[in-house]
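One letter stands for each residue in the lines below.
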Number of protein chains: 2
Amino acid sequence: MTTIPAHNDPICAISSPPGSGAIALVRASGEGVIALCEGMVHLPGGQSLHDLPANNTRHATFRRGDEMLDEVMVTLYRAPRSYTGEEMVEITCHGSPYIQQQILLTMIDAGLRAARPGEFTQRAFLHGKMDLAQAEGVADLIAAAGAAAHRLALSQLRGKVSRRIGEVRKQLLHFASLIELELDFGEEDVEFADRGELLSLATGLVTTLQGLAATFREGNVMKNGIPVAIAGAPNTGKSTLLNTLLQEEKAIVSEIPGTTRDFIEDTVTVDGYLYRFIDTAGLREGGDTIEKIGIDRSYRKIREARIILLLTEWTTAPEEIRKQYEEISRMLDPEQQHLLPVVNKCDTAPPGDLEKLQEALAALPEPPLFISALKEENLEALKERLGHIMHLRQPGDQEVIISNMRHYEALQHAAADLQRVAEGLQNGLPADLVAMDLRQAIHHLGEITGEITTDEILGNIFRTFCIGK
Amino acid sequence: MTTIPAHNDPICAISSPPGSGAIALVRASGEGVIALCEGMVHLPGGQSLHDLPANNTRHATFRRGDEMLDEVMVTLYRAPRSYTGEEMVEITCHGSPYIQQQILLTMIDAGLRAARPGEFTQRAFLHGKMDLAQAEGVADLIAAAGAAAHRLALSQLRGKVSRRIGEVRKQLLHFASLIELELDFGEEDVEFADRGELLSLATGLVTTLQGLAATFREGNVMKNGIPVAIAGAPNTGKSTLLNTLLQEEKAIVSEIPGTTRDFIEDTVTVDGYLYRFIDTAGLREGGDTIEKIGIDRSYRKIREARIILLLTEWTTAPEEIRKQYEEISRMLDPEQQHLLPVVNKCDTAPPGDLEKLQEALAALPEPPLFISALKEENLEALKERLGHIMHLRQPGDQEVIISNMRHYEALQHAAADLQRVAEGLQNGLPADLVAMDLRQAIHHLGEITGEITTDEILGNIFRTFCIGK
């Protein structure tokens, strides 16, 4: 009798998006799923499911007891050549929720278990089909709503992050093996590892890890949306601008039949970048009030934003615009944040007035944009400017970007561990103390790719997945 | 050079339900789709898509120009061994709306056209993979929300309706061939067809066709939901009952992760039957007001319902309950409609009172049900009673049920044509006049299975399909 490891028990799930459609996909994975599905999936001519070659798609009928439920296509995958690394059965059925539900119920009655979120990918990880960072890339890929986030997730899925972490970890392991060797010869007080070389390696790797961790700000923004705060006095047209930007995009998306229907209200993809537009309603009118805004929420939104659109009207005095610009500027980190003056309602300006305003504002660090949110004038220029700002900060193709908070934290920990290693070496600490910090650093890097893992880490990661993946 | 017929041009669509999920399915069909997809679907080792055997699922990368978009599974089908009867490419990708959209856009850029609703099934029909009634069964199958509607659609998809219509049509064609033969020998005044036999056949078939058409009431109810009106005076707990029935079912459905999320507010499946619960709020309190309801809407709802629940309270006087029961009864067709007295709020009744009420109502044609909608008491008995009423009218396995309005109309027309044929034979009309009606009857039956069709009929049928099917 063989004992089935806990992570091999047969599971099933609907893997296509929930709801009604032309076709739905139900997947089963685990020890013995082909045998379990034998009673429900009937091939023409009474052929046994067992005799169906792997990776072969066949027409079949799906039965629930005596009753025929649907005409389906069935594909088998045999371990380890499958997504999970286990035996798998894939069924594409007609996409009615009723059929999907009945197929799942039939499988559950036959002894399969409804898969937990991400359980297929978790098994792929446990069976060595991908490492943990790649598995997390799968979830990011499915969630990615724009080209930038998509590219990031795909490169993570394909192992770019893992390879970079792996390189660093390999250097540390070599380093550690020398130190451990010294410990084995502890009594003899030998030094296999040149302390100068080790120090230079450790400090170099601290810089590398800190650099990787620093990309998280960029990666997080690419993944979750670039925060753009629309600031300005009341009635400058902030909501009109927001709605125009959102609605226009929605219309473009719905041109393709059958795609996105769920839209998060305040994010919008422009030229592949996901922007998270944030309304800040706190700026009161008047000359000297900005510094007194006093509303923590508006402050925070502006400080958290990557780009701040300062919305004014063409009737606003140039000195007032300059004043607001300077006052907001003082809150910002010029390295990380961009303040963009936008003059609205320009469709109502008499000829020549905009040119005068432009001249009066020529001294601003950013030239103002002249738009009409209501008449949708010059919005393309605004979008281009947003894209231009982001493009300036766009990483090169070869650069590794961290977009996962868990990776960021592990990198921070590993960098701190290595910092202690460097300090230890500088202060001539004994090898066993240096080795302890070094092991910690290796441990933290191993958490990223999953060489080191716990059930808790896995649980936290996979419960954010969707069902069926 | 070959010319491509208009219905063979390459089309593509997302066939899985819209939105985000683990996996999505994109399908392409038509002349040359494999060649068109060659530039986007890259197999490992540089293998050409053309060399991939049919019905074989392979891992591949999907590219949009220079950019890799996703890791996908690809399956080819070669004409005529595919759903549409054409060359087909099926791609399962990660289920983000962004990826789905980009794959579709890549295909459209390569010259494929976004498929119209039902266009894959329309092609299956045009290429002789299924007849028209079967094609309509596909749409019904996807829309079927309960076991009864599901069974009906599946039997239609599998050709049960078509075979029955085909048998009748065959008899008529034999009949017609004899008459037409007489017309060829028109001058000689011969009668190849025995008029008595023809008359008996025609009248027999009129009965058959009328019988089939009569099943439409049943079939329509199975397909679109059994209308159940909840009638009764205000504050008898109609809304509580409705909500309890709906919510309970919703909870059951959502036990299975990843299934139905869209729920039509007022339909609910109980034991495989789809019920369409209808609130009628018009019955005023008081002894003699029911006949004066005067609200057309409530009248109509009650008349259209298949089952009417007359809700009262245990405190309502027995004579009042009897009076309401009789007054509603008079509106109904006892052959087709069921009036069920339901006494609500029974959890608050003192011991013995319900027994007394039961005795007092013993003379009603239907024994009353005693429930508490609020405490969810005895609702199982109510559901069983609903199921029992429907089961009484449940057709046998061998019986053909018409559930399609178009089929119903065609059958009505064909029956009327045949009725005229019978009358013509009885009145000794000349063969050419009889033949004309006979041809009409054959024509109408041919419309059901699609031997006779027009672009308009096809357009009407397939535009109700979902995209991707």
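Residues numbered from 1 in each chain as written. Chains lettered and ligands numbered in written order. Predicted model: local features only at pLDDT ≥ 70, side-chain atom pairs only at ≥ 80, totals over all residues. Heavy atoms only, no water.

A. Inspection of the overall build of chain A at higher detail. Check the secondary structure of chain A and you find 15 helices and 13 strands. Taking all 469 residues of chain A together, 54% fall into the buried category. Counting contacts in chain A only where the partners sit at least 6 residues apart, residues at least 24 apart contribute 70% of the total. Of the roughly 20500 Å² of accessible surface on chain A, a fraction of 51% belongs to carbon and sulfur atoms. (Helix = DSSP H or I, 4+ residues; strand = E, 2+ residues; numbered from the N terminus. Buried < 20%, exposed > 50% of the residue type's maximum accessible area, 1.4 Å probe, protein only. Contact = heavy atoms within 4.5 Å. Areas by Shrake-Rupley, 256 points an atom, 1.4 Å probe, with all protein chains shown as cover.)

B. Representation of the confidence of the model for chain A within the structure. All names here are of chain A. The predicted model of chain A averages 86 in pLDDT, with 88% of residues at 70 or higher. With pLDDT under 50 throughout, residues 1-5 is counted as low confidence; its partners more than four residues away or in other chains account for two contacts. Low pLDDT, under 50, characterises residues 285-294; the predicted model gives this stretch 20 contacts beyond four residues in sequence or across chains. Taken together, the chains of this predicted complex give a pTM of 0.79 and an interface ipTM of 0.79. (pLDDT = per-residue confidence, 0-100.)

C. The interface of chain A and chain B, seen in detail. With 60 residues of chain A at the contact, the number on the chain B side is 59 residues. Contact between chain A and chain B buries roughly 5100 Å² in total, counting both sides, with carbon and sulfur atoms accounting for 63%. For the chain A face of the interface with chain B, the top three residues by lost area are Pro17, Ile23 and Tyr98 of chain A, together amounting to 12%. Applying the counting criterion to the chain A and chain B interface returns four salt bridges. (Buried area = accessible area lost by both parts, 1.4 Å probe. Salt bridge = Lys/Arg side-chain N within 4 Å of Asp/Glu carboxyl O.)

D. Structural detail: the environment of Leu311 of chain B. Residue and element names in this part refer to chain B. With respect to the element layout, Leu311 can be found in strand β11 (residues 307-313). Along the chain, Leu311 and Gln440 lie 129 residues apart, while their C-alpha atoms are 50 Å from each other. In this structure Leu311 touches Ile230, Ala231, Gly232, Ala233, Thr236, Gly237, Lys238, Leu241, Val342 and Asn344, once residues within four positions along its chain are discounted.

E. Expanded view of the packing of helix α6 (residues 160-184) of chain A against helix α7 (residues 195-224) of chain A. All names here are of chain A. Running from N to C, α6 and α7 cross one another at 150°; their axes reach a closest spacing of 11 Å. Regarding the angle of α6 to α7, the classification is roughly antiparallel. The handedness of the crossing between α6 and α7 comes out as left-handed. Two secondary-structure elements touch here, α6 through Arg164, Ile165, Val168, Gln171, Leu172, Phe175, Ile179 and Glu182 and α7 through Arg195, Leu198, Leu201, Ala202, Leu205, Thr208, Leu209 and Leu212. (Axes fitted to C-alpha atoms, helices over the stretch in contact; angles between N-to-C directions. Parallel < 35°, antiparallel > 145°, perpendicular 65-115°, else oblique. Left-handed = near helix turned anticlockwise from the far one by under 90°.)

F. Up close: unusual backbone geometry. Residues and elements named next belong to chain A. The omega torsion across Ala79 and Pro80 is -5°, close enough to zero to call that bond cis. Relative to the helices and strands, Pro80 resides in the loop between β5 (67-77) and β6 (88-94). Positive phi, normally seen in glycine, also occurs at Lys345, with a value near 60°. If you trace the backbone, Lys345 turns up in the loop between β12 (338-344) and α11 (353-360). You can call Lys345 partly exposed: its relative accessible area is 28%.

G. The relation of the copies chain A and chain B, seen in detail. Superposing chain A onto chain B takes a rotation of 180° plus a shift of 0.1 Å along the axis, which leaves an RMSD of 0.2 Å. Between the two chains, the operation in question is that of a two-fold axis. Taking C-alpha positions as reference, the residue of chain A nearest the rotation axis is Asn56 of chain A, located at 2.4 Å. Mapped onto chain B, 98% of the interface residues of chain A are again interface residues, and the two copies thus contact each other with one and the same surface. (Least-squares fit on C-alpha atoms with pLDDT ≥ 70 in both.)

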